[in-house]
Number of protein chains: 2
Amino acid sequence: MKHKVVGIVGGMGPAATVEFFARLVRATPAMRDEDHLRILIDDDPGIPSRTEALLRGGPSPAPRLCAIARGLERAGAEILAMPCNTAHAFLEPMRAAVEIPVLDMLAETAARVEVDRVGLLATEAAVRAGLYSKAFVPRGIAVVAPSPEDQAEVTRLIAAVKAGEPAGALRPRLRRVVAGLKAQGARAAIIGCTEISLLHDPESPLPAIDALDCLVDATVRAALGEER
Amino acid sequence: MKHKVVGIVGGMGPAATVEFFARLVRATPAMRDEDHLRILIDDDPGIPSRTEALLRGGPSPAPRLCAIARGLERAGAEILAMPCNTAHAFLEPMRAAVEIPVLDMLAETAARVEVDRVGLLATEAAVRAGLYSKAFVPRGIAVVAPSPEDQAEVTRLIAAVKAGEPAGALRPRLRRVVAGLKAQGARAAIIGCTEISLLHDPESPLPAIDALDCLVDATVRAALGEER
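Asker: Can you tell me about the domain arrangement of chain A, naming the residues and giving the values?
Answerer: Residue and element names in this part refer to chain A. What the domain assignment lists for chain A is domain 1 (6-105 + 213-224) and domain 2 (107-211). For domain 1 and domain 2, the distance between their C-alpha centres works out to 21 Å. In this assembly, domain 1 packs against domain 2 so that about 1800 Å² is buried in total across both faces, 56% of it on carbon and sulfur atoms. Summed over the three residues of domain 1 that lose the most area to domain 2, namely L55, N85 and C214, the buried surface amounts to 32% of that side. At the boundary of domain 1 and domain 2, one finds 2 salt bridges. D210 is the salt-bridge partner of R23, the closest N and O atoms lying 2.9 Å from each other.

Asker: Residues and numbers for the relation of the copies chain B and chain A, please.
Answerer: Superposition of the two copies of the chain requires a rotation about an axis together with a shift along that axis. Of the transformation placing chain B onto chain A, the axial shift is 0.0 Å and the rotation is 180 degrees, giving an RMSD of 0.0 Å. Here the two chains are linked by the operation of a two-fold rotation axis. If distances are taken from each C-alpha of chain B to the rotation axis, the shortest is found for I41 of chain B, at 2.4 Å. A symmetric contact is evident, with 100% of the interface residues of chain B recurring at the interface of chain A.

Asker: Quick rundown of the interface of chain B and chain A? Include the residues and the values.
Answerer: Contacts between chain B and chain A engage 28 residues on the former and 28 residues on the latter. Summing both partners gives a buried area of about 2300 Å² for chain B against chain A, and 57% of it is carried by carbon and sulfur. Counting across the chain B and chain A interface gives 4 salt bridges. Residue R38 of chain A is joined to D42 of chain B by a salt bridge in which the shortest nitrogen-to-oxygen separation is 2.6 Å. At the boundary of chain B with chain A, the tally comes to 5 residue pairs in polar contact (both at pLDDT 80 or more). Sorting the residues of the side of chain B that touches chain A by element identifies α1 (14-27) and β2 (39-43) of chain B as the ones contributing at least two each. In terms of residues, the side of chain B that touches chain A owes the most to one element, α1 of chain B, which gives 7 residues. Of the residues assigned to the side of chain B that touches chain A, the class counts are 16 nonpolar, 4 polar and 8 charged. Note that strand β2 (residues 39-43) of chain A and β2 of chain B share 5 bridges and pair antiparallel.

Asker: Describe α1 of chain B, listing the residues and the values that go with them.
Answerer: When the terminal C-alpha atoms of α1 of chain B are compared, their 20 Å separation across 14 residues agrees well with the 20 Å that a helix rising 1.5 Å per residue should span. Among the 14 residues of α1 of chain B, 11 are classified as buried, and the element is accordingly described as predominantly covered.

Asker: Can you break down the sheet that holds strand β7 (residues 208-210) of chain A residue by residue, with the values?
Answerer: All names here are of chain A. Taken together, 4 strands build an open sheet; the order of strands is β5-β4-β6-β7 and the sheet is parallel. With one partner strand each, in any of the chains shown, β5 (142-144) and β7 form the two edges of the open sheet. Direction aside, the axes of adjacent strands within the sheet are offset by 35 degrees on average. Lying on the sheet, helix α9 (residues 167-183) is in contact with β4 (117-121), β5 and β6 (188-191); it crosses β4 at an angle near 150 degrees.

Asker: Quick rundown of the pattern of salt bridges? Include the residues and the values.
Answerer: Going through the model one piece at a time under the given rule, you end up with 36 salt bridges over all chains. For R38 of chain B, the salt bridge goes to D44 of chain A, with nearest N and O atoms at 3.8 Å. With R38 of chain B in the loop between α1 and β2 and D44 of chain A in the loop between β2 and α2 (50-56), this residue pair bridges two chains. With a shortest N-O distance of 3.1 Å, E108 of chain A and R112 of chain A are connected by a salt bridge. Overall, R112 of chain A belongs to the partly exposed group, its relative accessible area being 21%.

Asker: Talk me through the packing of helix α1 (residues 14-27) of chain A against α1 of chain B; I want residue IDs and the actual numbers.
Answerer: In contact at an axis separation of 10 Å, α1 of chain A and α1 of chain B are set at 165 degrees when each is read in the N-to-C sense. With respect to their mutual orientation, α1 of chain A and α1 of chain B come out roughly antiparallel. When you trace α1 of chain A past α1 of chain B, the crossing you get is left-handed. Note on element contacts: α1 of chain B touches α1 of chain A through P14, A15, T17, V18, F21, A22 and V25 of chain B, opposite P14, A15, T17, V18, F21, A22 and V25 of chain A.

Asker: Explain the pairing of β6 of chain A to me, using residue names and the numbers behind them.
Answerer: All names here are of chain A. Neither face of β6 is open: one carries A188 and I190, the other A189 and I191, and all of them are buried. Where β6 meets β7, 3 bridges bridge the pair, whose relative direction is parallel. Residue A189 lies in a different strand from β7, and its bridge partner there is A208.

Scoring rules and cut-offs
Residues numbered from 1 in each chain as written. Chains lettered and ligands numbered in written order. Predicted model: local features only at pLDDT ≥ 70, side-chain atom pairs only at ≥ 80, totals over all residues. Heavy atoms only, no water. Domains from an automatic or database assignment. Buried area = accessible area lost by both parts, 1.4 Å probe. Salt bridge = Lys/Arg side-chain N within 4 Å of Asp/Glu carboxyl O. Least-squares fit on C-alpha atoms with pLDDT ≥ 70 in both. Contact = heavy atoms within 4.5 Å. Polar contact = N/O pair within 3.5 Å; in protein donor to acceptor, adjacent residues only side chain to side chain. Helix = DSSP H or I, 4+ residues; strand = E, 2+ residues; numbered from the N terminus. Nonpolar A, V, L, I, M, F, W, Y, C, P; charged D, E, K, R; others polar. Pairing = 2+ DSSP bridges. Expected span 1.5 Å × (residues − 1). Buried < 20%, exposed > 50% of the residue type's maximum accessible area, 1.4 Å probe, protein only. Axes fitted to C-alpha atoms, helices over the stretch in contact; angles between N-to-C directions. Parallel < 35°, antiparallel > 145°, perpendicular 65-115°, else oblique. Left-handed = near helix turned anticlockwise from the far one by under 90°.

See the structure below:
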């Protein structure tokens with residue numbers, strides 16, 4: 001059986017790319033090495049900041065994302081996955097840059113939501129760019145963002161994860177933000193930032209839907225040639 | 001500061017490649033994404049079995065290893081690391097195939113050993129090919145291999161890790177093998193197989209020197225341009 005070669009556009013940040021790769025390997029049905037997928041990874045931490053580009057007019061990461069996508073295609077990738085929610089603001093130019101499919105983490109996540117109102121844990125840039133609203137609202141799913149104070153706390157938590165702070169001390173702070181989303185009527189929390197995925201909190205006040213897991217699932221299915 | 005781009009020849013097996021990547025990211029001194037290394041990974045689980053080639057005359061993995069090394073070089077890698085001990089039997093043809101340096105996990109491990117007699121936890125193929133003896137004996141380090149029964153147990157443990165069995169049940173079995181090495185006079189255990197690295201046992205009867213960690217250390221130093 002011939003599986004499709006997976007290309008991962010990574011480095012945003014590196015720990016999130018490690019986590020995606022780890023979950024992808026674990027999620028692949030395999031007893032021996034040769035049952036596994038071939039995976040090409042470009043873990044490039046030098047991609048210009050998505051947040052700076054979206055919020056403060058910094059240089060666009062699109063040219064570098066397109067170059068990485070083309071490099072992976074040239075190296076043999078047959079499908080691409082990008083484990084960074086905020087970078088999906090640049091999905092369209094990437095799709096135009098290559099011949100192979102680029103999976104859409106946000107659409108894959110929206111397709112797995114079964115409630116009508118979700119709370120969003122994401123970067124301020126992803127929230128303000130309306131990335132999740134665009135994916136969710138046409139499916140009849142309302143998206144609730146944290147209060148400005150709580151969003152600032154999410155931003156601090158993401159920076160703390162990127163700096164390698166241990167999850168234990170960060171989880172209670174995340175829980176307070178999730179409680180605020182619940183108070184706004186959210187019936188599930190969307191883990192819409194790969195750094196928040198790294199905190200995987202078993203005691204969250206709301207059921208969590210992790211966009212990273214949704215992308216893992218979509219990637220394995222696409223590589224094995226299965227329909228959802 | 002310009003870091004060297006790291007290429008990882010992976011897939012032997014995929015979980016060991018994940019572990020190496022994870023340790024490499026954790027070992028890199030970094031506060032923000034852009035402090036990290038650029039890492040290109042070819043995780044190719046279809047590389048012909050190193051054990052079959054070395055023990056039973058199966059097809060050589062060398063052509064595919066050389067092709068992967070050349071592909072990573074073409075994609076921009078400036079140094080290569082291969083987190084698989086047994087595959088180091090094919091290091092010389094790989095080095096001849098590319099212009100960039102290929103790190104030698106076994107030499108890096110030998111350089112970090114401070115005792116005169118070590119016990120070896122490795123595949124039967126690596127033991128029989130004398131890979132570790134070649135790296136260790138010229139440095140005055142004697143290498144002790146497990147008894148045939150214990151080596152068969154190591155082989156079963158490696159297969160169990162590749163099949164995804166949980167580490168908890170496997171560690172006591174590994175401990176019995178290490179106790180046998182200790183009884184033979186070994187003063188440290190060389191974790192000379194990346195699947196055994198995944199079991200990281202805190203209660204080992206001997207101090208452990210993990211070849212995977214030695215390769216992580218050598219890779220970070222080489223990428224940052226530091227001498228050992």
